[in-house]
Amino acid sequence: MFRHMADLRPPSDDLLARLARLLGPQGFITDRSDIEPWLTDWRGRYHGESKVLLAPRTVQDVAEVVRLAAEAHVAIVPQGGNTGTVAGATPPADGTALLMSLRRMNSIRSISTADNAVIAEAGVILSVLHDAAAEVGRRFPLSLAAKGSATIGGLVSTNAGGTQVLRFGSMRNLLLGIEAVLPDGSIFDGLATLRKDNRGYDLRQLLAGAEGTLGVVTAASLRLVPAIAGRAVAWIGLASPDAALTLLRDLEGTIGDSVESFELVPADALALVLRNIPNTRAPLAKPHRWNVLVEAVGLHGGADPVEALQDALAAAFEAGLIEDATIAATDVQAEALWALRESISEAERIDGPSLKHDIAVPVSAMPAFLREERTEVEAHFPGVRIIAFGHLGDGNIHFNLLPPEAEDRDHWIARFGAAASAAVHDLVVARGGTLSAEHGIGQAKLAEFVRLSDPVRLRTLQAIKQALDPHGIMNPGKLLPLAPKPAAP
Ligand SMILES: Cc1cc2nc3c(=O)[nH]c(=O)nc-3n(C[C@H](O)[C@H](O)[C@H](O)COP(=O)(O)OP(=O)(O)OC[C@H]3O[C@@H](n4cnc5c(N)ncnc54)[C@H](O)[C@@H]3O)c2cc1C
């Protein structure tokens, strides 16, 4: 089925010497202690190898590295903040690939309030971009818990989602233009901040979500939106995901698209955070089976979001839709509520190994999925604990399985993990859903992606890969399977 034939070689001493001359000591890193932290994925499940870490400073240097690697048929693994959860930025364990960090390409090249756009290099960290936008009275409306480390290049390459997709969409919707080095070393300059551009296939969107398999993103033009005048952050206790979805649609009806975030948190996820993350405390007087974190914002001259949300929640309480709620009175309180939501992944990590599923089904189907499919998984894998949290308004839930309490976790995952994940993914597909809503495929989801994909989708992705990267040097073994080497004649 796969036409792409990766015929890759390890980097020769000659290639390494040329790269060392090109990048200099700061860009050609050989000190083991500087390389080591970047060889393992964020979850600590995949370990790679690379004798050098390449850290170019300019797009010209990236282009020259890729040109030399292409000539020598040597693989390149682009890496940003290494916060991806599917091990897409982890190099292969045999040490044959060159690990290329874009973190030193971290300039904000321009920011324009007239265009409402910013041009940021790949290595700019998301929280740095947030601050830069705020300084000129604008916002970059994409945020996620890894904002202190995730980079623009990684966010573009995974088409990251996060907590504001409800209103602004994922990274793709905020991407106005792109600069990238293609697998032959040529530079594609598509950075112009055009709002309209109908010159055929959209190369910008092809590179977005490509997980580094079609080239190296070196910079992106991104949409900015007006700064907010105020925000209201509420923590709400309620009985079920059905009630939560009804609440979301009611809020949209009453306070419109000022609702930017609507995050579902079950009681067991909150309990995990309170147990494992220091300085956290329960937001409501007593536990509720389900919770929702809502953020609504107000623009200058618009309605006060706190008053609007208060009124809407009072009506929801009267109607019996919600059981309890608290609205943050200060920014510190708002951040404390957000910390409860954003610490769930970290709390899970501290708790021990688990099986992660980043699934989406049509929004309307998610409450039933959380009711019925949950029961089915629990019946097939007795004792398993399901932590299902996240972006209900996008139909995207992180449906994670913790092994039964009495079991050794690694042992249980080794024995039942593949079957349990396959069962979850089968149920998702049966609902018309996807096994990767926002985290991508990387290497962690590859086998399941291939198992469940429509052959037409796979064939088409493979044809695009073959056309742009005929030697298969860009991040091989991620997103698409490596084809076997042709047999020797
Ligand atoms: C606590 C936590 C919470 C998270 N929450 C969310 C969330 O809500 N929503 C969400 O979508 N994700 C989330 N993530 C996942 C992660 O933060 C995103 O996938 C992010 O986009 C990764 O950015 P990065 O710079 O760390 O990329 P990396 O992890 O370094 O790389 C990710 C992928 O992009 C490729 N890549 C990186 N840079 C480039 C480049 N310049 N050119 C080409 N390819 C490149 C890599 O090869 C790899 O395939 C979360 C992660 C953590 C740890």
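This text goes with the structure placed above it.
Keep in mind it's a predicted model, so treat the numbers as computed, not measured.

## Observations concerning the overall build of the protein chain
Stage number 1. Tallying secondary structure elements over the protein chain gives 17 helices and 18 strands in all.
Stage number 2. Here the C-alpha atoms of the protein chain give a radius of gyration of 23 Å, agreeing with the 23 Å that 2.2 N^0.38 yields for 489 residues.
Stage number 3. Based on the C-alpha atoms only, the size of the protein chain along its principal axes is roughly 75 × 55 × 45 Å.
Stage number 4. Here the protein chain holds 489 residues, and 52% of them are scored as buried.
Stage number 5. Here the protein chain has roughly 20,800 Å² of accessible surface; of this, 54% comes from carbon and sulfur atoms.
Stage number 6. With 45 positive and 57 negative side-chain charges, the protein chain shows a spacing of 4 Å between the two charge centroids.

## With respect to the side chain of D358
Stage number 1. Tracing the chain through its elements places D358 in strand β16 (residues 358-360).
Stage number 2. Among buried Asp, Glu, Lys and Arg side chains, D358 stands out as unpaired, with K445 the closest opposite charge at 7.2 Å.
Stage number 3. Only 2.7 Å separates the side chain of D358 from the backbone nitrogen of H439, close enough to count as a polar contact.
Stage number 4. Setting aside chain neighbours within four positions, we find D358 in contact with N396, I397, H398, T434, L435, S436, A437, E438 and H439.

## Some words on the pattern of salt bridges
Stage number 1. Counted under the stated rule, the structure contains 30 salt bridges.
Stage number 2. Here R204 and D202 are joined by a salt bridge, their closest N and O atoms 2.8 Å apart.
Stage number 3. One network of salt bridges, with partners in common, ties together D242, R371, E372, E373 and R431.

## Overview of the site of the ligand
Stage number 1. The environment of the ligand is made up of 35 residues, and the closest members are P78, G80, T83, G84 and T151.
Stage number 2. In the model, an oxygen atom of the ligand is placed 3.1 Å from a nitrogen or oxygen of the N475 side chain.
Stage number 3. Look at the ligand: alone it shows 980 Å² of surface, and the protein chains cover 96% of it.
Stage number 4. At the level of secondary structure, the elements contributing two or more residues to the shell around the ligand comprise β3 (76-79), α5 (152-157) and β10 (216-223).
Stage number 5. Looking at the shell around the ligand residue by residue, the class counts come to 13 nonpolar, 20 polar and 2 charged.

## Quick notes on the side chain of N276
Stage number 1. Mapped onto the secondary structure, N276 falls in helix α10 (residues 267-276).
Stage number 2. Under the relative-accessibility criterion, N276 is labelled buried at 17%.
Stage number 3. A polar side-chain atom of N276 sits 3.0 Å from the main-chain carbonyl oxygen of A347.
Stage number 4. One polar contact links N276 to D351, side chain to side chain, over a distance of 3.0 Å.
Stage number 5. Leave out the neighbours within four places in its chain, and N276 touches A347, I350 and D351.

## Some words on the sheet that holds strand β8 (residues 175-181)
Stage number 1. As summarised here, the arrangement of the 5 strands in space is β5-β6-β10-β8-β9, forming an open sheet in which the pairing is antiparallel. Since the sheet does not close on itself, it has two edges, and those belong to β5 (108-112) and β9 (187-190), each with one partner. Here the strands of the sheet are splayed against their neighbours by 15 degrees on average, with no regard to which way each runs.
Stage number 2. Against the sheet, helix α4 (residues 126-135) contacts β5, β6 (117-121) and β10, and its axis sits at roughly 35 degrees relative to β5.

## So, the packing of helix α14 (residues 366-380) against helix α15 (residues 409-430)
Stage number 1. Packing of α14 against α15 brings their axes to within 11 Å, and their N-to-C directions diverge by 145 degrees. You can see that α14 and α15 cross each other, and the crossing is right-handed. For the pair formed by α14 and α15, the contact residues are F369, E373, E376 and V377 on the first element and V424, L427 and V428 on the second.
Stage number 2. Residues of the contact of α14 with α15, tallied by class, amount to 5 nonpolar, no polar and 2 charged.

## So, α4
Stage number 1. Along α4, the positions that sit buried rather than exposed are L126, L129, H130, A132 and A133. The buried side chains of α4 occupy one side of the element, clustering within an arc of 165 degrees when seen end-on. Exposed residues on α4 whose side chains face more than 90 degrees from its buried face are D131, A134 and E135.
Stage number 2. Structurally, α4 contributes buried residues whose contacts are with β5, β6, β7 (138-139), α5 and β10.
Stage number 3. Just downstream of α4 lies G137, where phi reads positive at about 75 degrees.

## Observations concerning helix α9 (residues 241-255)
Each full turn of the α-helix corresponds to 3.6 residues, which orients residues three or four apart in the same direction.
Stage number 1. In this model α9 runs 20 Å from its N-terminal to its C-terminal C-alpha over 15 residues, within 8% of the 21 Å that 1.5 Å per residue would give.
Stage number 2. Within α9 the residues assigned to the buried category are P241, A243, A244, L245, L247, L248, L251 and I255.
Stage number 3. In this fold, the buried residues of α9 make contact with α6 (165-168), β12 (230-238), β13 (259-266), β14 (290-298), α11 (305-318) and α14.
Stage number 4. Looking one or two residues beyond α9, the residue adopting positive phi is G256, at roughly 65 degrees.

## Description of the packing of α9 against α11
Stage number 1. Between α9 and α11, the shortest axis-to-axis distance is 10 Å and the interhelical angle comes to 135 degrees. By the angle between their axes, α9 is oblique relative to α11. Between α9 and α11 lies a crossing of right-handed hand. Side by side, α9 and α11 meet where L247, L251, T254 and I255 of the first sit next to A308, L309, A312, L313 and A316 of the second.

## What to know about the nonpolar core
Stage number 1. L247 and F399 are the most contacted members of the largest nonpolar core, which has 48 residues in total.
Stage number 2. Considering every element that reaches this core, the biggest residue donor is α9, with 7 residues.
Stage number 3. In this structure, this core is formed jointly by two domains, domain 3 (230-345) and domain 4 (352-441), each of which donates at least three residues.
Stage number 4. The residues contacting L247, other than those within four sequence positions of it, are I236, L238, F262, L313, A316, L321 and I322.
Stage number 5. Core analysis: the next-biggest nonpolar cluster, separate from the first, contains 29 residues, A120, M171, L175 and A210 among them.

Criteria and thresholds
- Residues numbered from 1 in each chain as written.
- Predicted model: local features only at pLDDT ≥ 70, side-chain atom pairs only at ≥ 80, totals over all residues.
- Heavy atoms only, no water.
- Helix = DSSP H or I, 4+ residues; strand = E, 2+ residues; numbered from the N terminus.
- Rg over C-alpha atoms; globule rule 2.2 N^0.38 Å.
- Buried < 20%, exposed > 50% of the residue type's maximum accessible area, 1.4 Å probe, protein only.
- Areas by Shrake-Rupley, 256 points an atom, 1.4 Å probe, with all protein chains shown as cover.
- Lys, Arg positive; Asp, Glu negative; His and termini not counted.
- Charge placed at Lys NZ, Arg CZ, Asp CG, Glu CD.
- Salt bridge = Lys/Arg side-chain N within 4 Å of Asp/Glu carboxyl O.
- Polar contact = N/O pair within 3.5 Å; in protein donor to acceptor, adjacent residues only side chain to side chain.
- Contact = heavy atoms within 4.5 Å.
- Near = heavy atom within 4 Å.
- Nonpolar A, V, L, I, M, F, W, Y, C, P; charged D, E, K, R; others polar.
- Pairing = 2+ DSSP bridges.
- Axes fitted to C-alpha atoms, helices over the stretch in contact; angles between N-to-C directions.
- Left-handed = near helix turned anticlockwise from the far one by under 90°.
- Arc of directions from axis to C-beta.
- Expected span 1.5 Å × (residues − 1).
- Parallel < 35°, antiparallel > 145°, perpendicular 65-115°, else oblique.
- Core = buried A, V, L, I, M, F, W, Y, C linked by side-chain atoms within 4.5 Å.
- Domains from an automatic or database assignment.

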